Amino acid sequence: MSPISGLASSRLVLSELSVLFRRWRTWAMLAALAAVPVLIALAVRFSPNRPPSGRGPAFLDQITHNGFFAGVVGLVVSTPLFLPLTVGVVSGDTIAGEANLGTLRYLLVAPAGRVRLLAVKYLSAVVFCLAAALAVVVGGTAAGAALFPLGQATLLSGDTIGPGEAFGRLLLMALYVAVSLLGLSAIGLFASTMTTVPVGAMAATVVLAVVSQVLDALDQLDWLHPWLFSDHWLGLADLLREPISWTSFGENALLQLGYLALFGALAYGRFTTKDILS
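This structure is a prediction, so every number in the text was calculated from the model and none was measured.

K.L.:
Please clarify how the pattern of salt bridges should be interpreted in this entry.
P.N.:
It is possible for side chains of opposite charge to pair when their charged atoms get near one another. Tallied over the entire structure, the rule returns 7 salt bridges. Taking the shortest distance from any N to any O, the salt bridge between Arg 25 and Asp 93 comes out at 3.1 Å. Of this pair, Arg 25 sits in helix 2 (residues 24-45) while Asp 93 is found in the loop between helix 4 (82-92) and helix 5 (96-101), placing the two residues 68 residues apart along the sequence. A relative accessible area of 11% means that Asp 93 is categorised as buried. Among the ionic pairs, Glu 98 bridges to Lys 121, the shortest N-O distance being 2.7 Å. Residue Glu 98 is found in helix 5, and its partner Lys 121 is found in helix 7 (residues 114-147); the two are separated by 23 residues along the sequence. When sorted by exposure, Glu 98 lands in the same class as Lys 121, which is buried. Among the charged side chains, a salt-bridge network with shared partners connects Glu 16, Glu 98 and Lys 121.

Structure below.
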């Protein structure tokens, strides 16, 4: 890649991210995600009874002991539905949104190129995945610090770690969740190349996320589970062991890269041969 081409790509990426994070919709979704652990922490703090052990979301009963677990519970609760919903909105809007606004043709007239534009759109969706996971962690950490004590955190292995390392584990969990959503983002990108109606691509992406999790819950289809992009979504708990178990992280990353390769290729094939009329 020539320096001029690289500069053009960098400007295109920055422009795309600027457009994404200037939208009220983006900030409304991030605020809603941050509010999930805040509401959970408030419910626990002002409940007349302590959360019963073994009931409710994982780690719910640990919040009263350490506020850092508000962020953990927020990620556990948000990963199956709220995060896929917001990622489906962003990734489903990548190409279809431009086509719907009538700006896609003008983007391609500029020295962007279809492949480069496709890559930039996907990159913006990936950045949103990371921002969305961090929004949950930040909201949970802020609420946990305000409502509960922070201190030594007890891990699943029984070991204890200090506040600094506990927050580092939370950030690792956010990264795990962001990686978990790479495959769904690729599916949304492909769906977005198939239509000029963003809502249709968004809905298809979210529905597939729900279907994948329903199939993952059926014991009769255990042979299919390793191939479902949602199979390792809740494996983030392995980051709360001492030493950290990286097996789920590696398997999850490999699975998501497989979905990225498959649906990235499908999106490339569709987009590079598509007649752009709007």
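Text resumes after the structure shown.
K.L.:
How should empty space enclosed by the protein be read in this particular structure?
P.N.:
To locate leftover empty space, one rolls a probe as large as a water molecule over the atoms. All told, the structure shown has 2 cavities of 30 Å³ or more when counted by the stated rule. By volume, the largest cavity amounts to about 100 Å³. Contributing to the lining of the largest cavity are Glu 16, Leu 20, Arg 23, Arg 25, Val 90, Asp 93, Thr 94, Gly 97, Glu 98, Lys 121 and Ser 124. When contributions to the lining of the largest cavity are tallied by element, the ones reaching two or more residues are helix 1 (3-22), helix 5 and helix 7. Looking at side-chain class alone, the lining of the largest cavity contains 2 nonpolar, 3 polar and 6 charged residues. Around the second largest cavity, the lining residues are Phe 68, Phe 69, Val 72, Ala 153, Leu 155, Ile 161, Ala 166, Arg 169, Leu 170, Met 173 and Leu 240. Of all elements in the fold, only helix 3 (69-78) and helix 8 (163-180) reach the threshold of two or more residues within the lining of the second largest cavity.

K.L.:
Looking at this structure, I do not really get the packing of helix 3 against helix 7. What am I missing?
P.N.:
The description of two helices packed together rests on the angle between their axes and the distance between the axes. The N-to-C vectors of helix 3 and helix 7 enclose an angle of 140 degrees; their axes lie 7 Å apart at closest approach. Once helix 3 is placed against helix 7, the crossing between them reads as right-handed. In contact with Ala 70, Gly 71, Gly 74, Leu 75 and Ser 78 of helix 3, helix 7 contributes Ala 133, Val 136, Val 137, Gly 140 and Gly 144. Residues belonging to the contact of helix 3 with helix 7 are distributed by class as follows: 5 nonpolar, 5 polar and no charged.

K.L.:
In this structure, what is going on with the packing of helix 7 against helix 9 (residues 182-193)? I would like to understand it.
P.N.:
Taken N-terminus to C-terminus, the directions of helix 7 and helix 9 make an angle of 140 degrees; their axes are 10 Å apart at the nearest point. By the criterion of interaxial angle, the relationship of helix 7 to helix 9 is oblique. Read as a crossing pair, helix 7 and helix 9 show a hand that is right-handed. Where helix 7 abuts helix 9, its residues Leu 118, Lys 121, Tyr 122, Ala 125, Val 126 and Cys 129 lie against Leu 182, Ser 185, Ala 186, Leu 189 and Thr 193. Residues that form the contact of helix 7 with helix 9 fall into these classes: 8 nonpolar, 2 polar and 1 charged.

Each value, and the rule that gives it
Residues numbered from 1 in each chain as written. Predicted model: local features only at pLDDT ≥ 70, side-chain atom pairs only at ≥ 80, totals over all residues. Heavy atoms only, no water. Salt bridge = Lys/Arg side-chain N within 4 Å of Asp/Glu carboxyl O. Helix = DSSP H or I, 4+ residues; strand = E, 2+ residues; numbered from the N terminus. Buried < 20%, exposed > 50% of the residue type's maximum accessible area, 1.4 Å probe, protein only. 1 Å grid on protein atoms, 1.4 Å probe; cavity = no way out; pocket = protein on both sides within 12 Å on 5 of 7 lines; lining within 4 Å. Points joined across faces, edges and corners; volume = space filled by probe spheres on them. Nonpolar A, V, L, I, M, F, W, Y, C, P; charged D, E, K, R; others polar. Axes fitted to C-alpha atoms, helices over the stretch in contact; angles between N-to-C directions. Left-handed = near helix turned anticlockwise from the far one by under 90°. Contact = heavy atoms within 4.5 Å. Parallel < 35°, antiparallel > 145°, perpendicular 65-115°, else oblique.

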